Amino acid sequence: MLTQLGDEAKLLAGGQSLIPLMKLRFANPQHLIDLNFISGTSFIKEKDGILRFGAMTRHAEIEDSSIAQKIPILHDCAAGIADVQVRNRGTIGGSLAEADPSGDWATVLMTLETEVRCLGIKGERTVPIEDFIKDAYTTALDHNELVSEIAVKKPNGNGGGAYLAFKRCAPVYPTASAAVQLTMQGEICKEARIVLGCVGLTPIRARESETALRDKEIGEKAVSAAVEAARTASDPQPDMRGSAEYKRALVGALVKRAINGARRRALGEKIELSHIYA
Amino acid sequence: MPEAVQNIPIQLKVNGKLHSLNVEPRLLLVEMLREHLDLTGTHVGCDTTYCGACTVLMNGATVKSCTMFAVQADGADLLTVEGLEREGQLHPIQKAFADSYGLQCGYCTPGLMLATHQLLSRNRQPDDKVIRKAIAGNTCRCTGYQNVIKAIQLAARNMDRV
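All figures in this text were calculated on a predicted structure; none of them were measured in a lab.

The next thing to look at is the overall build of chain B. When helices and strands are tallied, chain B shows five helices and five strands. Relative to its length of 162 residues, chain B is compact, with a C-alpha radius of gyration of 16 Å against a globular reference of 15 Å. Projected onto the principal axes, the alpha-carbon positions of chain B cover approximately 50 × 30 × 25 Å. Each of the 162 residues in chain B was classed as buried or not, and the buried ones make up 46%.

Residues and elements named next belong to chain A. Assignment of secondary structure puts Ile150 in strand S9 (residues 145-153). By the C-beta count within 10 Å, which is 23 here, Ile150 ends up buried. Remark: the alpha-carbon pair of Ile150 and Leu109, spanning 41 residues in sequence, is separated by 9.5 Å. Those residues in contact with Ile150, other than ones at most four positions away along the chain, are Phe53, Ala55, Ile92, Gly93, Leu96, Thr114 and Val116.

Residue and element names in this part refer to chain A. Under the domain assignment, chain A is made up of domain 1 (37-153) and domain 2 (159-277). If you average the C-alpha positions of domain 1 and of domain 2, the two centres end up 21 Å apart. Taken together, the contact pairs 21 residues of domain 1 with 25 residues of domain 2. With four residues, helix H4 (residues 72-78) is the single largest residue contributor to the side of domain 1 that touches domain 2. When the residues that make up the side of domain 1 that touches domain 2 are grouped by side-chain class, the tally is 13 nonpolar, four polar and four charged.

Let's shift gears to the interface of chain A and chain B. Each partner contributes to the interface: chain A provides 16 residues, whereas chain B provides 19 residues. Listed by contribution, the elements that provide at least two residues to the side of chain A that touches chain B are helix H2 (18-23) and helix H5 (84-89) of chain A. Considering each element in turn, the side of chain A that touches chain B owes the most residues, five residues, to H5(A).

Next up on the list: the domain arrangement of chain B. Residues and elements named next belong to chain B. Structurally, chain B comprises domain 1 (8-83) and domain 2 (92-161). On the domain 2 side, the residues contacting the 16 residues of domain 1 number 13 residues. Among the elements of the structure, strand S3 (55-58) and strand S4 (61-64) are those that each provide at least two residues to the side of domain 1 that touches domain 2. In terms of residues, the side of domain 1 that touches domain 2 owes the most to one element, S3, which gives three residues. Here the residues of the side of domain 1 that touches domain 2 are counted per class, giving eight nonpolar, eight polar and no charged.

Its identity as a non-glycine residue notwithstanding, A:Tyr137 has a phi of 55 degrees, on the positive side. By the secondary structure assignment, A:Tyr137 is in the loop between strand S7 (133-135) and strand S8 (138-139). Phi at B:Thr49 is positive, roughly 65 degrees, even though this residue is not glycine. Along the chain, B:Thr49 turns up in the loop between helix H1 (29-36) and S3. Classification of B:Thr49 as buried rests on a count of 25 C-beta atoms within 10 Å.

Turning our eyes to something else, we now look at the packing of helix H10 (residues 220-233) of chain A against helix H11 (residues 244-266) of chain A. All names here are of chain A. Between H10 and H11, the least distance of the axes is 8 Å, while the angle of their chain directions is 145 degrees. In the crossing of H10 with H11, the sense of the turn from one axis to the other is right-handed. Every residue of H11 that contacts H10 at Val223, Ala226, Val227, Ala230 and Arg231 is listed here: Arg248, Val251, Gly252, Val255, Lys256 and Ile259. For the contact of H10 with H11, the class distribution of residues is seven nonpolar, one polar and three charged.

Parameters and conventions
Residues numbered from 1 in each chain as written. Chains lettered and ligands numbered in written order. Predicted model: local features only at pLDDT ≥ 70, side-chain atom pairs only at ≥ 80, totals over all residues. Helix = DSSP H or I, 4+ residues; strand = E, 2+ residues; numbered from the N terminus. Rg over C-alpha atoms; globule rule 2.2 N^0.38 Å. Buried ≥ 20, exposed ≤ 12 C-beta atoms within 10 Å, placed from the backbone. Contact = placed C-beta atoms within 7 Å. Domains from an automatic or database assignment. Nonpolar A, V, L, I, M, F, W, Y, C, P; charged D, E, K, R; others polar. Axes fitted to C-alpha atoms, helices over the stretch in contact; angles between N-to-C directions. Left-handed = near helix turned anticlockwise from the far one by under 90°.

What follows is the structure, given as structure tokens:
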């Protein structure tokens with residue numbers, strides 16, 4: 001259908017971004033293809049250490065899933081997106097395909113080994129999340145392709161992750177967010193992935209922050225170096241959510257807390273984390 | 001100009017009653033409820049997926065009916081505020097909101113009560129934190145949330161006794 005209808009057609013997943021964008025006339029598709037009635041597109045499965053999510057799986061289904069709980073950072077994300085009503089409709093595949101710079105999923109999934117399965121008339125291909133998100137609102141999807149599945153590799157036993165996003169109130173996009181995944185050996189951090197959300201056109205991998213933690217003890221010194229590097233790596237735009245300076249400070253604070261959460265989880269603690277809002 | 005579009009036949013249950021309608025594909029669910037079925041208890045507040053005044057239950061889960069097309073509810077089972085009372089008797093949630101002064105102007109109340117409905121259908125003993133999270137998608141601009149939370153706690157207790 002996408003091939004037939006051309007550029008004037010858009011796919012409708014959960015609709016929690018697309019429909020508001022259409023009301024604002026920011027999106028003006030002549031045709032909508034509703035994916036909600038296609039069976040078999042919503043599932044959560046685990047096999048051989050890989051969690052697979054159907055593209056039309058709702059945020060609320062991930063929030064309530066015991067399988068998704070096995071990677072706590074996924075629960076942090078799913079449970080805090082917007083509000084109950086939006087989580088009941090919005091989908092993980094739709095969120096990734098939209099690639100809003102303030103979306104939650106891409107930031108979180110970039111700290112993990114994630115593959116996005118893209119399905120088109122020519123067949124299926126698998127794209128790592130880093131290559132899938134190209135730019136703001138731009139993905140590796142061809143016009144006549146859609147996201148069919150998201151596959152996430154479970155981190156090893158010494159791994160722990162945490163996601164924190166700050167928003168002014170529940171229904172809005174976060175002002176800034178930070179996702180951290182650590183592999184610990186005792187108190188020494190062996191591997192680190194730190195991704196910053198809402199502070200650039202795409203989620204930003206803060207590689208200097210990661211270097212600041214790698215092979216170090218997670219103490220005050222390493223953490224403040226990582227926070228400083230994250231602030232430098234961020235590239236926020238001033239908007240109604242805050243000035244660039246404010247967002248830079250905020251993302252640093254979130255990185256600090258997320259490192260602490262990831263460390264505790266990697267060391268086996270069970271803690272609850274999610275979006276922070278008034 | 002876009003060419004004229006054909007209406008689409010849909011069938012859905014609203015408050016237990018089956019309806020067959022022919023609707024424009026662009027018609028929002030909230031407009032269908034208000035304009036086609038005269039169920040004006042579901043309100044349009046912000047129309048931007050923010051305020052939750054248009055919240056209804058679809059197959060037991062809350063949705064913002066301003067952020068769905070009516071055709072997407074084809075085959076669904078909807079509950080709106082009009083479906084809460086039974087034979088002239090207020091639903092325990094409605095009674096609790098009245099008894100706890102959980103409303104002032106009442107514009108957000110239908111949405112809040114349906115958000116409460118989803119919460120209490122899954123958790124009969126929600127603590128304060130859980131309640132606050134459950135109604136985070138419903139904005140009240142006059143009474144504030146303290147009495148709303150009291151109302152939900154009261155509703156939980158009353159429904160437990162039923």
